[in-house]
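# Structural characterization, general
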Amino acid sequence: MDALIHKVHLALGGKRLDRALTDALPQFSRARIQALLAQGMVRSEGVVVQDASRKVQEGEAFEVCEPPAVEALPEAQAIPLEVVYEDDDLLVINKPAGLVVHPAAGNADGTLVNALLAHCGDSLSGIGGVKRPGIVHRLDKDTTGLMVVAKNDAAHHGLSAQLSDRSLTRVYVALVWKGPSQAKGRIEGAIGRNPHDRKKMALVSRGGKEAVTDYAVLAHYGAWVSLVECRLKTGRTHQIRVHMASMGCPLVGDQTYGHARKTWTRGLAPDVVEMLSAFPRQALHAREISFLHPRSGERMRFESFLPDDMQTLLDALNRILK
């Protein structure tokens, strides 16, 4: 990424340079402007200006150079991993709820990447960049289940190609409010940023990416909740959560895409309503992953049991509602 050059023409004089530039460039804090001055990133008529306290003259022009951000190198951290399979090219892990996949704003460490660096050392593929080494695909923080990680660039290329041509398959299990009206079907609809809330995704008519989910209802618990199998044909951010919510069947525990309406819980015992409403995360588990080994070409398939929290909830529903 190239540096950005901000051209500033100061109509009024008399202010300190750092304050005048902060006023003219509100995207920068005063401390950031002072740091750029100290680093020699500010020029006037081609001459570097570093004195933050000097008074600006009326009509002075400045160029402020914003260097590209440098990604911090994640540190190896001894975080326990449940490794389902590992060889020289890849590993398959069973991710727990609460584990963020890679460092990002608000999660600088304590991520799967930090754990992988401790487990694999320097052998991870570098294709994903310094903050995403080895990461071929991701799971949301509170989604559990299987992920494949590349330990070298050749494996990363091979697995990413399968992700694109859909020969790498992923099957999820979700507990949803109500349930689809059809026993099985396909949900299609482009997914992009919600135009009203940029922190959320949504089905959009313009600017989104193709998203396809095949589903099959595994069990109904009265008219209140259903267990649904979802097979991803594409891999968009929050795809299953958005697609199920678009059908009026948001995931149990999903604080972003839907809570149960009172009409949905009518006739359900209050303690059961409380049990479902108190589930602390979206009830979504990546149960199965299958792919061709990028070196041998052998078809590999892995399955994982439901995590304890989902299994406990289903056991209770089976006792009470079945």
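Details of the structure are given in the entry above.
All residue numbers refer to positions counted from 1 along the written sequence of the respective chain. Under the rules for a predicted model, residues below a pLDDT of 70 receive no local features and side-chain atom pairs below 80 are neither given nor counted, while totals for whole chains, interfaces and linings still include all residues. Only heavy atoms go into the side-chain values, all of them from the structure, while hydrogens and water stay out.

This next bit is on the pattern of salt bridges. Salt bridges are identified by distance alone: a Lys or Arg side-chain nitrogen within 4 Å of an Asp or Glu carboxyl oxygen. Taken as a whole and judged by the stated rule, the model has 17 salt bridges. R186 serves as the salt-bridge partner of D214, at 2.7 Å between the closest nitrogen and oxygen. In this pair, D214 sits in strand β12 (residues 212-221) while R186 sits in strand β9 (residues 184-188), placing the two residues 28 residues apart along the sequence. Only protein chains enter the accessibility calculation, which uses a 1.4 Å probe; a residue is then buried when its area is under 20% of its type maximum, exposed when over 50%, and partly exposed in between. Judged by relative accessible area, which is 18%, D214 ranks as buried. Every helix listed is a DSSP run of H or I at least four residues long, and every strand listed is a run of E at least two residues long, numbered separately from the N terminus.

What is meant by a nonpolar core is a set of buried Ala, Val, Leu, Ile, Met, Phe, Trp, Tyr and Cys residues, joined one to another through side-chain atoms within 4.5 Å. Residues L112, Y172, I240 and M244 are the most contacted members of the largest nonpolar core, which totals 29 residues. Within the residue set of this core, elements represented by two or more residues are β6 (90-95), α3 (112-120), β7 (144-150), β8 (169-177), β12, β13 (225-232), α5 (239-246) and β14 (284-292). Here the element with the most residues in this core is α3; it accounts for five residues. Only heavy atoms enter the contact rule, under which two residues are in contact if any of them lie within 4.5 Å. Setting aside anything within four residues of it in sequence, one finds Y172 in contact with L139, T143, V228, E229, C230, L232, I240, L284, H285, A286 and R287.

Another point: the packing of helix α6 (residues 270-277) against helix α7 (residues 308-321). All axes are obtained by fitting lines to C-alpha atoms, using only the stretch in contact for helices, and the reported angles, taken between N-to-C directions, cover 0 to 180 degrees. One can describe the packing of α6 onto α7 by two numbers: an axis separation of 11 Å at closest approach and a directional angle of 160 degrees. Taken together, the axis directions place α6 and α7 in an arrangement best described as roughly antiparallel. Of the two elements, α6 crosses α7, and the hand of that crossing is left-handed. Only L313, A316, L317 and I320 of α7 make contact with α6, whose side of the interface consists of V272, M275 and L276. Under this scheme an angle from 65 to 115 degrees is roughly perpendicular, one under 35 degrees roughly parallel, and one over 145 degrees roughly antiparallel; angles in between are oblique. Take the far helix as your reference; a near helix turned counterclockwise from it by less than a right angle gives a left-handed crossing, and one turned clockwise gives a right-handed crossing.

To continue, consider the packing of aromatic side chains. Two rings from Phe, Tyr or Trp (for Trp, the six-membered ring) form a pair when their centres sit within 6.5 Å of each other. Planes less than 30 degrees apart are called stacked, planes more than 60 degrees apart edge-to-face, and all others tilted. Taken as a whole, this structure holds two aromatic pairs when the rule is applied. Ring geometry for Y85 versus F302: centroids 5.5 Å apart, planes at 40 degrees, classification tilted. With Y85 in strand β5 (residues 83-86) and F302 in strand β15 (residues 299-303), the pair connects residues that are 217 residues apart, well separated along the chain. A residue is classified by how much of its surface remains accessible, and Y85, at 25% relative accessible area, is partly exposed. Exposure remark for F302: the relative accessible area of 11% places this residue in the buried category. Each member of the aromatic cluster is reached from another via a ring pair, and the members are Y85, F291 and F302.

Quick look at helix α1 (residues 17-24) now. What α1 keeps buried is the set L17, D18, A20, L21 and T22. For α1, the secondary structure elements touched by its buried residues are β1 (4-9), α2 (30-38), β2 (42-44) and β4 (61-66).

All right, on to the side chain of D140 then. Within the secondary structure, D140 is located in the loop between α3 and β7. When neighbours within four sequence positions are excluded, D140 is seen to be in contact with K95, H238, R241 and Q282.

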